[in-house]
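Structural overview for review
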Amino acid sequence: MPTEVPEDVPQDCTVYRVAKKAYIKSGGTPQSDCFADKRSEDGSSYYMSVYFSDEMELAGKSILDLQASWGKEYTVLAFTASDLRTQGERLWRDPTGGFPGHGACKRADGSERTRGQKRNLAKVAKVASELS
Amino acid sequence: MTLFAGSERTAQNSTDAAIASADGSRTLPRQIRISRPGPDASVSTILSDGQRPPAWVERLVLEEIPARDDRGLIKLDALVRFARVCSVLPSRTPKPYYGVGDDATIGVEWDLGRFHLEIQVGNDPAVDAIVYEVDEGEPEELPLEGNVGILTFLMSRIVNS
């Protein structure tokens, strides 16, 4: 097992997005509302929080651990880094001191994600197989 | 939360909204009233004569969207614009999936057979949008402003197909 992760997130890295279970539709797919940027309380950052599997694994954390850290109202959606970049997103590692593997996702040009762009993310996201 | 019917009373200490007809007659103007305490206290919108919003609009605006806005992101103006848009949908429109995004937007979406339709209304009207998709194809995105008629037309075609 590697002892560190590359700064650039590898294309095949699984990227997790925590979402409220209430926002998962009856067919098991997420609503577009799950994929909005969030402004930090001090206003210094504005992006969509994600978690990178390679860092989680390095820290010995599983998807179930991630879900448990958020609570039973939440589930975990999965993409690959390649999925997100193909949709025009930029990814970077952003450790917060909380759950390991925290990262950020934002439009590559820095713009706010449109509804259609959220919809495209909703179409490629899947509820993590460990939870479905 | 208080529901008014044909009333012009001042807002109470919570979100107040009503979609009401003074006596239920189709010939009288229907009214949307959404109000909150504070500087932006009250808004009224008179709908067009004969307009019959889907039955779920009232509860969605009054209770369900505010309940999902657990961070208090959505401004009154956005809630009013959202109510107005929903109110022009055909009365047979089924209840959508709904939510509030972290970017202070209200979203609703429908999966209706081959068709997928979404509406987004945000605090910033520039992000208001319609998304339309057929057979899981590429989403078509339009600004909501100037295209409400298209939204009504699309939904009418879908619910009547």
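The following paragraphs examine the structure supplied in this document.

1. Topic: the overall build of chain B
The helix and strand inventory of chain B stands at three helices and eight strands. Relative to all contacts within chain B whose residues are 6 or more apart in sequence, the contacts with residues 24 or more apart total 47%.

2. Regarding the sheet that holds strand 4 (residues 97-101) of chain B
The strand order 4-5-6-7-8 (chain B) describes an open sheet built from five strands, whose pairing is antiparallel. The open sheet has two edge strands, strand 4 and strand 8 (140-143) of chain B, and neither has a second partner. Across the sheet, the mean angle separating the axes of adjacent strands is 15° when strand polarity is ignored. Bridging between strand 6 (residues 115-122) of chain B and strand 7 (residues 129-134) of chain B involves six bridges; their strand directions are antiparallel. Residue Glu118(B) lies in a different strand from strand 7 of chain B, and its bridge partner there is Val131(B). Lying on the sheet, helix 4 (residues 115-124) of chain A is in contact with strand 6, strand 7 and strand 8 of chain B; it crosses strand 7 of chain B at an angle near 40°.

3. A look at the nonpolar core
Ranked by internal contacts, the top residues of the largest apolar core, which has 31 residues, are Val61(B), Leu79(B), Phe82(B), Ala83(B), Ile106(B) and Val121(B). Listed by contribution, the elements that provide at least two residues to this core are helix 1 (57-68), helix 2 (76-87), strand 4, strand 5 (105-112), strand 6, strand 7 and helix 3 (148-160) of chain B. Core analysis: the next-biggest nonpolar cluster, separate from the first, contains 27 residues, Cys13(A), Val15(A), Ala19(A) and Ala36(A) among them.

4. As for the packing of helix 1 of chain B against helix 2 of chain B
Residue and element names in this part refer to chain B. Taken N-terminus to C-terminus, the directions of helix 1 and helix 2 make an angle of 155°; their axes are 10 Å apart at the nearest point. With respect to their mutual orientation, helix 1 and helix 2 come out roughly antiparallel. Both helix 1 and helix 2 take part in a crossing whose hand is right-handed. Residues Val-57, Leu-60, Val-61 and Ile-65 of helix 1 lie in contact with helix 2, whose contacting residues are Leu-79, Phe-82, Ala-83, Cys-86 and Ser-87. In the contact of helix 1 with helix 2, the residues fall into eight nonpolar, one polar and no charged.

Cut-offs used in this document
Residues numbered from 1 in each chain as written. Chains lettered and ligands numbered in written order. Predicted model: local features only at pLDDT ≥ 70, side-chain atom pairs only at ≥ 80, totals over all residues. Helix = DSSP H or I, 4+ residues; strand = E, 2+ residues; numbered from the N terminus. Contact = placed C-beta atoms within 7 Å. Pairing = 2+ DSSP bridges. Axes fitted to C-alpha atoms, helices over the stretch in contact; angles between N-to-C directions. Core = buried A, V, L, I, M, F, W, Y, C linked by C-beta atoms within 7 Å. Buried ≥ 20, exposed ≤ 12 C-beta atoms within 10 Å, placed from the backbone. Parallel < 35°, antiparallel > 145°, perpendicular 65-115°, else oblique. Left-handed = near helix turned anticlockwise from the far one by under 90°. Nonpolar A, V, L, I, M, F, W, Y, C, P; charged D, E, K, R; others polar.

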